[in-house]
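The primary structure of each chain is shown beneath.
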Amino acid sequence: MSTTQPIRNLKQLETFKRYYEITEPHPRNCLLIHLGINTALRISDLLHLTWSDVYDFDAKSLRSHLNVMEQKTGKKNSIALNDNARLALNTFFQITEYNRPDDFLFQGKNKCQPLSRYQAYRIIKKAATHAHLQENISCHSLRKTFGYHAWKSGAQPVLLMNIYNHSSFQITKHYLGIDQDDKDQIFLDINL
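The model shown is predicted, which means the values in this text are computed figures rather than measured ones.

### Things to note about the environment of K111
Here K111 shows up in the loop between α5 (83-95) and α6 (117-130). Since its relative accessible area comes to 38%, K111 is described here as partly exposed. Each C-alpha atom of the pair K111 and D179 lies 43 Å from the other, and the pair is 68 residues apart in sequence.

### Looking at the pairing of strand β3 (residues 65-69)
Only one face of β3 is buried, namely the one carrying L66 and V68, since none of H65, N67 and M69 on the opposite face is buried. Summarising the sheet, β3 and strand β4 (residues 76-80) pair through five bridges and their orientation is antiparallel. From the neighbouring strand, M69 faces β4, where its bridge partner is K76. The hairpin formed by β3 and β4 contains six residues between the paired strands, and G74 there has a positive phi angle of roughly 75°.

### Looking at the packing of helix α2 (residues 27-39) against helix α7 (residues 139-152)
As a packed pair, α2 and α7 sit with axes 6 Å apart at the nearest point and diverge in direction by 45°. With respect to α7, the element α2 is oriented oblique. Taken as a pair, α2 and α7 cross one another with a handedness that is right-handed. Counting all contacts with α2, which are made through L32, I33, G36, I37 and N38, the residues of α7 involved are L142, R143, T145 and F146. The residue makeup of the contact of α2 with α7, split by class, is five nonpolar, three polar and one charged.

### Notes on the environment of Y121
Mapped onto the elements, Y121 comes out in helix α6. A sequence separation of 16 residues divides Y121 from I137, and the C-alpha atoms of the two residues are 9.0 Å apart.

### What to know about the nonpolar core
If you look at the biggest cluster of nonpolar residues, it comprises 42 residues, and the most contacted ones within it are F16, L32, L35, L89 and F106. Of all the secondary structure elements, the ones that give two or more residues to this core are α1 (10-23), α2, α3 (43-47), α4 (51-54), β3, α5, α6 and α7. Once you skip the residues sitting within four places of it in the chain, L32 turns out to touch I43, L46, L47, F106, L115, A120, I123 and L142. Counting seven residues, the second-largest nonpolar core is a separate cluster that includes A150, Y164, Y175 and I178.

Each value, and the rule that gives it
- Residues numbered from 1 in each chain as written.
- Predicted model: local features only at pLDDT ≥ 70, side-chain atom pairs only at ≥ 80, totals over all residues.
- Heavy atoms only, no water.
- Helix = DSSP H or I, 4+ residues; strand = E, 2+ residues; numbered from the N terminus.
- Buried < 20%, exposed > 50% of the residue type's maximum accessible area, 1.4 Å probe, protein only.
- Pairing = 2+ DSSP bridges.
- Axes fitted to C-alpha atoms, helices over the stretch in contact; angles between N-to-C directions.
- Parallel < 35°, antiparallel > 145°, perpendicular 65-115°, else oblique.
- Left-handed = near helix turned anticlockwise from the far one by under 90°.
- Contact = heavy atoms within 4.5 Å.
- Nonpolar A, V, L, I, M, F, W, Y, C, P; charged D, E, K, R; others polar.
- Core = buried A, V, L, I, M, F, W, Y, C linked by side-chain atoms within 4.5 Å.

Structure (structure tokens):
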């Protein structure tokens, strides 16, 4: 069985992100991808988000942070919503009729239920195929993509460990496939 991979190539990542904006417009699916790669949440936590998690109905504005209790770990997590996440949320909020506090962001056919993991997987695989991603891309790739690009942008290793709740940086490096990338780059850079 192959390991799920992050989306490393920035051009392919951009094509992947834009699939449900431009090629096959679908605001909910677009939001799924944008929130997935900008929050590093597991798909189970992402699919169970409700509008009250991201929108303050009293202040009539998006929240600055997403506060979730992670299903897998039982730990509380506070995630700052960056500009891309906020733009995607605001765009979707403006056009959906299902934006009451208890409505799921990612509703399935039954509006009282969240989108299934399998359907989320199909949505992600379709955009990945369009972006010509040959790696093993799955729902977990969204979470890994965040970490991979945070690492490449100079994020401190201890912060990535904290985001992923890993006990060592070795685990985080393996999780993101950084060891092999680093080794490959050395071999590619040294042309004797």
